[in-house]
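What follows is the residue order along each chain.
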Amino acid sequence: MSKKQDQTASFMVRFNQNIFEEDGESKVQWRGKISHVQEGDEQNFTDFNDALVFMQQKLANLTKEATKHKTTEQQEGILQKSLYMWKTMKEVGPKVLMETIKDPKKQLSQFQDQIQEQISSIGGEISEKVQIDEWRNASRSDYKKVKKSIAELSQQIELLSEKIDNIGKKK
Amino acid sequence: MSTPTQQLKELTSFKEDAPIRIQTLGQFTIWRSGEKIDPKEWGRDKTIQLLQYLVSNRGRNALHKEKIMDNLWEEGDDRDFKVALHGIHKVLEPERPARTEPTYVVRQGVSYQLNLDKIWIDIDILEKYIILGNQSFGIDNISAKEAYKNAIDIYQGTYLPNRIYEDWSSEEREKAQLLILSAYISLAEILLEENPLESIRLTQNALSIDATWEDAYRLQMRGYLAKGNRPQAIRTFQKCEQVLAEEYSVAPLPETKNLMKEIKEIN
């Protein structure tokens, strides 16, 4: 069995907000930095999609490492399933970030529904394990909520990998 | 409520009086009654890790044993936890009589926490100095200056540098970095007129932590301007422009560009 440590990826995301006046109108610019704790590398971004791609790459590496003993075909299948969830996150993430600032509770709830719907289409059992409701309890700041959401998702990737691992073994 | 001066005194005397002192910034060192503890006394690394975990989570309520074990052990059992906890008690209180309650790691049922009234922890005190500095900033700049200086003296580097790959330490590391960046910038701003050279040095320190911190570039430009070094102020802007383009593909903020415009217009 793989060690829990080898199956975990943690990310620290920092957002720096800049509000300014330019050409007679108010503008806001977000500058962010995402760090992958276990490897120590980091990346700056202004588009949250770049942060998601960064996470996706790290998680794909994790899945590849955990499935290196499998056939190429099996490995590709697992990777595809793993990336499917990230496709959802990538599509929904930036929109949620913007809307969360306007109305955190309402938008997180909407985000939950969208993610839940996508996860349900992968498999009912996995969907039961996703405790997205807990996201509602975050209260310190919007950043905190986003960070927690990411941690939850990475946990689900882990579960998904294990699940698919087990299916592979049964076959 | 005590004045900022009294609070500064209290924080200084706490460092001298606390029976246990813990340094987490730059390196991990502990002093017991003023004497540095030999790292050999710790025995197992897990004992140190457990103490570092308690330090990292000191702001929360007492930590449940299960949660601690889940974060620190792959497949640890109660015995592993007890051994590590006993190791901490032994190092911090080697002469504690048998069957008496430990002083520094306090137990509440199956939860544990550090007794912060008796332990001086650098990151904790650094934050207190910065809070004090922020409260005094603009009202009592002498106290604010003193508070920020003390915070900067405490900062010896990254939080628990030998645990940078452990996710339980990340939150505190990030917090420490943001705290010290704010202290550098605030003190640099206070010192801008009375000591521009020191102000410049502080902004350089901030930029060595985060090269994209635009406030630091602006203050540095103003520092060079105050020293009459216009060419260096312009070079600072160019550096800012280059770093932001490389890291974010963005231009400096209008505030920075306006400052540059002002500098260029000076004859």
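Residues numbered from 1 in each chain as written. Chains lettered and ligands numbered in written order. Predicted model: local features only at pLDDT ≥ 70, side-chain atom pairs only at ≥ 80, totals over all residues.

(A) Summary view of the overall build of chain B. Per the secondary structure count, chain B includes 11 helices and 7 strands. Each principal axis of the C-alpha atoms in chain B carries an extent, and together these give about 80 × 40 × 30 Å. (Helix = DSSP H or I, 4+ residues; strand = E, 2+ residues; numbered from the N terminus.)

(B) Expanded view of the nonpolar core. Residues and elements named next belong to chain B. Of all hydrophobic cores here, the largest spans 41 residues; its most connected members are Leu-126, Ala-147, Ala-151, Ala-183, Tyr-184, Leu-187 and Met-221. Among the secondary structure elements, those contributing two or more residues to this core are helix 5 (122-136), helix 6 (141-154), helix 7 (170-191), helix 8 (196-209), helix 9 (214-226), helix 10 (230-248) and helix 11 (254-265). Examining the composition of this core, we find that 8 residues originate from one element, helix 7, more than from any other. When residues no more than four places from it in sequence are discounted, the contact partners of Leu-187 are Lys-145, Tyr-148, Lys-149, Ile-152 and Leu-202. Listed in part, the 19 residues of the second largest apolar core include Ile-20, Ile-88, Val-91 and Tyr-112. (Core = buried A, V, L, I, M, F, W, Y, C linked by C-beta atoms within 7 Å. Buried ≥ 20, exposed ≤ 12 C-beta atoms within 10 Å, placed from the backbone. Contact = placed C-beta atoms within 7 Å.)

(C) Looking closely at the domain arrangement of chain B. Residue and element names in this part refer to chain B. Entries for chain B in the domain assignment read domain 1 (19-120) and domain 2 (122-264). Computed over C-alpha atoms only, the centres of domain 1 and domain 2 are separated by 34 Å. Only strand 1 (20-23) and helix 2 (45-56) provide two or more residues apiece to the side of domain 1 that touches domain 2. Element by element, the count of residues in the side of domain 1 that touches domain 2 is highest for helix 2, at 3 residues. (Domains from an automatic or database assignment.)

(D) Spotlight on the pairing of strand 1 of chain B. Residues and elements named next belong to chain B. As judged from the 4 bridges shared by strand 1 and strand 2 (residues 29-32), these two strands associate in the antiparallel manner. Looking at the pairing, Gln-23 lines up with Thr-29 of strand 2. Counting the residues in the hairpin turn of strand 1 and strand 2 gives 5 residues, including Gly-26, whose phi is positive at 90°. Alignment of strand 1 against strand 7 (residues 119-121), held across 3 bridges, turns out to be parallel. Residue pairing across strands places Ile-20 opposite Ile-119, the latter belonging to strand 7. (Pairing = 2+ DSSP bridges.)

(E) Highlighting unusual backbone geometry. All names here are of chain B. Backbone geometry at Arg-99 places phi at a positive 60°, although glycine is not the residue there. With respect to the helices and strands, Arg-99 occurs in the loop between helix 4 (78-92) and strand 5 (105-108). Among the residues examined, Arg-99 registers 5 C-beta atoms within 10 Å and is labelled exposed. At Leu-160, a position not held by glycine, the phi torsion is positive, near 35°. Note that Leu-160 resides in the loop between helix 6 and helix 7. On the basis of neighbour counts, which here come to 25 C-beta atoms within 10 Å, the residue Leu-160 falls in the buried class.

(F) Representation of the confidence of the model for chain A within the structure. Considering every residue of chain A, the mean pLDDT works out to 73; 58% of them sit at 70 or more. The model gives residues 132-139 of chain A a pLDDT under 50, and that stretch makes 15 contacts with residues more than four places away or in other chains. (pLDDT = per-residue confidence, 0-100.)

(G) Structural view of the interface of chain A and chain B. Listed per partner, the contact involves 17 residues of chain A and 14 residues of chain B. For the side of chain A that touches chain B, the secondary structure elements donating two or more residues are strand 1 (11-22) and strand 2 (25-36) of chain A. The biggest single contributor to the side of chain A that touches chain B is strand 1 of chain A, with 6 residues.

(H) Structural context of the pairing of strand 5 of chain B. Note: strand 5 of chain B against strand 6 (residues 111-114) of chain B, 4 bridges, orientation antiparallel. What sits directly across from Val-105 of chain B, in strand 6 of chain B, is Leu-114 of chain B.

(I) Main features of the sheet that holds strand 2 of chain A. Residues and elements named next belong to chain A. Taken in spatial order, the 3 strands make up an open sheet running 1-2-3, and their pairing is antiparallel. In this open sheet, the two edge strands, each paired with only one partner strand, are strand 1 and strand 3 (42-45). Each adjacent strand pair in this sheet contributes to an overall mean axis angle of 15°, direction not counted. Here strand 2 pairs with strand 3 via 4 bridges, running antiparallel. Along strand 3, the bridge assignment pairs Ser-35 with Glu-42. Along the sheet, helix 1 (residues 48-66) makes contact with strand 1, strand 2 and strand 3, crossing strand 3 at roughly 160°. (Axes fitted to C-alpha atoms, helices over the stretch in contact; angles between N-to-C directions.)

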